[in-house]
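Each chain, written out:
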Amino acid sequence: QVQLVESGGGSVQAGGSLRLSCAASGSTSGFIDMAWLRQVPGEQRELVAIITNDGSTDYADSVKGRFTISRDNAKNTVYLQMDSLKHEDTAVYYCRTQIGYDIFSPPRYYWGQGTQVTVSS
């Protein structure tokens, strides 16, 4: 089992910055990737950024150049630095990790509880 605890959400004016953290604990040795997703009420959850075991990253077009995902292996924590925030970035942000266990079992996904980010225009 893996537990994810998010922190760092809040309210900020447009153009401001926030940094989200997602701390993982438990059986994380089979780490494959961790992603940040966001959801606005009434809409589907959207993938924002992802970082893989080898450090590769990818971003949604809407946040490229403004958001940065990074990982501190020693702390088992992934960060999402969000700069130049826009009103449309307002959402609940979730971290999700994919963990592999063995060749006989499919990988499993674990989710954080979500943290609200509100950007006022």
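Description of the structure in this document.

What counts, and at which threshold
- Residues numbered from 1 in each chain as written.
- Predicted model: local features only at pLDDT ≥ 70, side-chain atom pairs only at ≥ 80, totals over all residues.
- Heavy atoms only, no water.
- Disulfide = S-S within 2.5 Å.
- Helix = DSSP H or I, 4+ residues; strand = E, 2+ residues; numbered from the N terminus.
- Core = buried A, V, L, I, M, F, W, Y, C linked by side-chain atoms within 4.5 Å.
- Buried < 20%, exposed > 50% of the residue type's maximum accessible area, 1.4 Å probe, protein only.
- Contact = heavy atoms within 4.5 Å.

Examining the state of the cysteines
Next up, step 1: Under the criterion given, the structure shown has one disulfide.
Next up, step 2: The disulfide bridge from Cys22 ends at Cys95, spanning 2.1 Å between sulfur atoms. Across the S-S bond linking Cys22 and Cys95, the dihedral sits near 60°, which makes this disulfide right-handed. With Cys22 in strand 3 (residues 18–26) and Cys95 in strand 9 (residues 91–99), this residue pair connects regions lying 73 residues apart in the sequence.

A short note on the nonpolar core
Next up, step 1: Residues Trp36, Leu80, Met82 and Tyr93 are the most contacted members of the largest nonpolar core, which totals 29 residues.
Next up, step 2: With residues up to four places along the chain from it excluded, the contact list for Tyr93 reads Glu6, Leu20, Trp36, Leu37, Arg38, Val48, Phe67, Leu80, Met82, Gly114, Thr115 and Val117.

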